[in-house]
Amino acid sequence: NTSIDFFNLLVTDELLELIARETNIYAEEVFLSGATKEKSRITRWKDVTVEELRIFIGLVLHLGTIRLNRLQDYWKTHRLFNLPAFKNYMSRDRFMLIFRCLHFSKNPLPGQEKSTDSLYKIRPLIDYFNSRMSDVYYPGKELSLDESMVLWRDRLIFRQYIKNKRHKYGVKLYLLTEPDGIVQKFAVYTGTGTIHKQEVKKPKAVVEYNNFMGGIDRKDQMMAYYPCERKTMRLYKKLGIHIIYMSLINSFFIYKKFMLERQVLEKLLPETEGPSIEKNQMPAKHVPKKILKPDRGKHMHIEDAQFVTKIR
């Protein structure tokens, strides 16, 4: 019933094992590529474990709470920049090495035909997110489908420009959300085109849709407070971190819903001492006790007066 339980509900050990396995495979490919120097960090690679990957993800998410210009700055030892939280959990070189080798899907083998899916490097995370949300959460009927952007300014065949978004240039996502911001399902736009309707009259369904379409904006607002995505040369890494961040935001919204219901129940059903209270039976802590006669006149002591009032 704690917040980390809800995060683990969406970012499971199964998902972390997949990321750790693919990262270790890719690190071996980099090491054997022959393009590394003798003193390169990759020569000191050790397989990443699920436990270490959890710490890495925690540090990546923590990047959004403390904004610095470069990743290396989080490990500075100068008194004006010293942040013990980062170096106490992981060294700078180890963090940078895991970040470099972070991977989510196998690359084609030499001589093997390249996948026609332009998102094959991130496809396992997309599928896992959508499948996991379908398994653990049943949404309400007020759902909306809208666009969201992941900032990306480098060259990309399906890079989009949307004037009214916070990030005008980037990768466009289609998200199915609830009004409070929970993302139930999403897809990445890769250039398949959009459907344009010309309606003479606005149908009732469109009116209701417009009333509940604020979920996308709510999600974008929450993710804008502590943005943890960093500039990188690989789009799939940025999308992968974005998906994990969406899982964090989803777990926060689901946690709020569940804990609110639980807190109401705790108020309606307070703790009792011993067996359940039968009808017309007073709880033990409210049993009357003998009140001693005050020594001074007819006035009671304050404590006695308060107790009598409580009994009445």
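Residues numbered from 1 in each chain as written. Predicted model: local features only at pLDDT ≥ 70, side-chain atom pairs only at ≥ 80, totals over all residues. Heavy atoms only, no water.

If you look the protein up in an unreviewed UniProt entry, it shows as PiggyBac transposable element-derived protein domain-containing protein from Exocentrus adspersus.

Caption draft 1: Examining the overall build of the protein more closely. The helix and strand inventory of the protein stands at ten helices and four strands. Listing every helix and strand of the protein by position from the N terminus yields α-α-α-α-α-α-β-β-β-β-α-α-α-α. A buried classification covers 37% of the 312 residues belonging to the protein. Taking as baseline every contact in the protein between residues at least 6 positions apart, the subset at least 24 positions apart corresponds to 66%. Only carbon and sulfur atoms are counted for the fraction: they give 54% of the accessible area of the protein, which is about 21100 Å². (Helix = DSSP H or I, 4+ residues; strand = E, 2+ residues; numbered from the N terminus. Buried < 20%, exposed > 50% of the residue type's maximum accessible area, 1.4 Å probe, protein only. Contact = heavy atoms within 4.5 Å. Areas by Shrake-Rupley, 256 points an atom, 1.4 Å probe, with all protein chains shown as cover.)

Caption draft 2: Region of interest: the pattern of salt bridges. Tallying each qualifying case throughout the model produces twelve salt bridges. When the shortest N-O distance is used, the salt bridge between Glu147 and Lys172 registers 3.6 Å. One end of the pair, Glu147, is in strand S1 (residues 144–151); the other, Lys172, is in strand S3 (residues 169–177), and 25 residues separate them in sequence. Residue classification places Glu147 among the partly exposed positions, given a relative accessible area of 22%. When salt bridges that share partners are traced, they join Arg41, Arg44, Arg92 and Asp93 into one network. (Salt bridge = Lys/Arg side-chain N within 4 Å of Asp/Glu carboxyl O.)

Caption draft 3: Looking closely at the pairing of strand S4 (residues 183–188). Pairing of S3 with S4, which is carried by five bridges, proceeds in the antiparallel orientation. By the bridge assignment, Thr177 is partnered in S4 with Val183. Linking S3 back to S4 in an antiparallel pair, the connection comprises five residues, with Gly181 at a positive phi of about 115°. (Pairing = 2+ DSSP bridges.)

Caption draft 4: Region of interest: the environment of Tyr26. Of note, Tyr26 is situated in helix H2 (residues 13–32). On the basis of relative accessible area, Tyr26 is assigned to the buried category, the value being 18%. Each C-alpha atom, one on Tyr26 and one on His103, is 6.7 Å from the other, the two residues being 77 residues apart in sequence. Discounting chain neighbours no more than four positions away, the residues touching Tyr26 are Arg100, Cys101, His103, Asn107 and Tyr236.

Caption draft 5: Summary view of the nonpolar core. Counting 65 residues, the largest nonpolar core has Ile19, Trp45, Leu53, Phe56, Phe95, Ile122 and Phe186 as its most contacted members. Put simply, the parts of the chain that give this core at least two residues each are helix H1 (3–10), H2, helix H3 (50–62), helix H5 (92–101), helix H6 (123–136), S3, S4 and helix H9 (235–268). In terms of residue count, H9 provides more of this core than any other element does, eleven residues in total. Sequence-distant contacts of Ile19, defined by excluding residues within four places in its chain, comprise Leu53, Leu102, His103, Phe104, Leu125 and Ile244. (Core = buried A, V, L, I, M, F, W, Y, C linked by side-chain atoms within 4.5 Å.)

Caption draft 6: Fine view of the packing of aromatic side chains. Summed over the entire model, instances satisfying the criterion amount to eleven aromatic pairs. Summarising the aromatic geometry, the rings of Trp75 and Phe86 are spaced 5.6 Å apart at their centres and angled 65° between planes, so their arrangement reads as edge-to-face. Within this pair, whereas Trp75 is found in the loop between H3 and helix H4 (84–89), its partner Phe86 is found in helix H4, the two being separated by eleven residues in sequence. Like Trp75, the residue Phe86 is buried in the burial classification. For the ring pair Phe104 and Tyr236, a centre distance of 6.2 Å and an interplane angle of 85° mean the geometry is edge-to-face. Of the two residues, Phe104 is situated in the loop between H5 and H6 and Tyr236 in helix H9; the sequence distance between them amounts to 132 residues. No difference in accessibility class separates Phe104 from Tyr236, as the two residues are buried. Taken together, the ring pairs in this structure connect Phe56, Tyr74, Trp75, Phe86, Phe95 and Phe99 into an aromatic cluster. (Phe/Tyr/Trp six-rings, centres within 6.5 Å; stacked < 30°, edge-to-face > 60°.)

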